Amino acid sequence: PVGTGGDFRKTFGLDASIASAMERLRKGAPHPIDCGKLSFLDHHDQPAVRYFINICSFGASGRIVEKVNAASKRLGGRLSFLAGTVRGLLDYENRPITLTIDDQPPRTFVSNTIAVANGQFFGGGMHIAAKAKPGNFIILRVSEEGERIPLTIADTDPEKGIYEWYNNGNFS
């Protein structure tokens, strides 16, 4: 139940108590959860692969996580991510992204943030993907014209430039 923002546990409605987590492990029933696989070019243009549960995001959110991880987390998850958001967005510029999902043709566009989620929360409690479930990935795209400061992202809101781009129970 730990982590800077404690976001993974929030999808399941769990509290931050280690004792509660141990009790749930001891008495609870197992639940399957999908694991996402991300293939990308790293900062040196070398192929890299990462696996994830909860949320994988990139664009402005990647810059924010860099800032959060480089700073002290004594303030707790919510304030650490708030400070990281402000610092990260000061020097972030939207960039072209080429995204390929499974066997679909690649799509290239300029975007602020892409989030692939099977958990509902990220960034210290932001409820970014309310429709996501542990067995159902969704992809949210914050468009180039969309929100510059993603403090109020909550699933889709085309008026703010936030689109659900892909929703498929078989995405893994």
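Because the structure is a prediction, the values reported are computed rather than measured. For every chain, the first residue of the written sequence is number 1, and numbering continues from 1 onward in sequence order. Totals for whole chains, interfaces and linings use every residue, but because this is a predicted model, local features are given only for residues with pLDDT of at least 70 and side-chain atom pairs only at 80 or more, for both listing and counting. Side-chain descriptors were evaluated using all non-hydrogen atoms of the structure, hydrogens and water having been removed beforehand.

### What about the overall build of the chain?
Test applied: Secondary structure elements are taken from DSSP: a helix is a run of H or I of four residues or more, a strand is a run of E of two residues or more, and numbering for both begins at the N terminus. To sort residues, take the accessible area from a 1.4 Å probe on protein chains only and compare it with the maximum for the residue type: under 20% means buried, over 50% means exposed, and anything in between is partly exposed. A contact between two residues is defined here by any heavy atoms of the two lying within 4.5 Å.
When helices and strands are tallied, the chain shows four helices and seven strands. Reading the secondary structure of the chain in the N-to-C direction produces α-α-β-β-β-α-α-β-β-β-β. Each of the 172 residues in the chain was classed as buried or not, and the buried ones make up 38%. Considering only intrachain contacts with a sequence separation of at least 6, the fraction spanning at least 24 residues in the chain is 55%.

### Section: the environment of R50
One can find R50 in strand β2 (residues 47-52). As a C-alpha pair, R50 and G36 span 14 residues in sequence and 8.3 Å in three-dimensional space. If we skip the residues at most four places from it in the chain, R50 touches G36, K37, L38 and F40.

### Overview of the side chain of Q120
Secondary-structure assignment places Q120 in the loop between β5 (107-117) and β6 (137-143). For Q120, the residues in contact, after removing those within four places along its chain, are T11, N54, I55, M126, H127, I128, A129, A130 and A132.

### Overview of the pairing of β5
The cut-off we apply is this: In short, DSSP must find at least two bridges between two strands for them to pair.
When you tally the buried positions in β5, you get eight out of 11 residues, the bulk of the element. One ladder, built from five bridges, connects strand β3 (residues 55-59) with β5; its direction is antiparallel. Each bridged residue has a counterpart across the sheet, and for S57 the counterpart in β5 is A115. For strand β4 (residues 95-99) and β5, the ladder comprises five bridges, and the chain directions are antiparallel.

### Some remarks on helix α3 (residues 60-70)
Short version of the rule: This arc describes the spread of directions from the helix axis toward the C-beta atoms.
Taken residue by residue, α3 has A60, S61, R63, I64 and V68 as its buried positions. For α3, the angular spread of the buried residues around the axis is 160°, confining them to a single face. Close packing links the buried residues of α3 with β3, α4 (77-90), β4 and β5.

### Quick look at the environment of T11
Of note, T11 is situated in helix α1 (residues 7-11). C-alpha separation for the pair T11 and A132, spaced 121 residues apart in sequence, amounts to 8.8 Å. Not counting residues up to four positions away in its chain, the partners in contact with T11 are N54, G119, Q120, F121 and P134.

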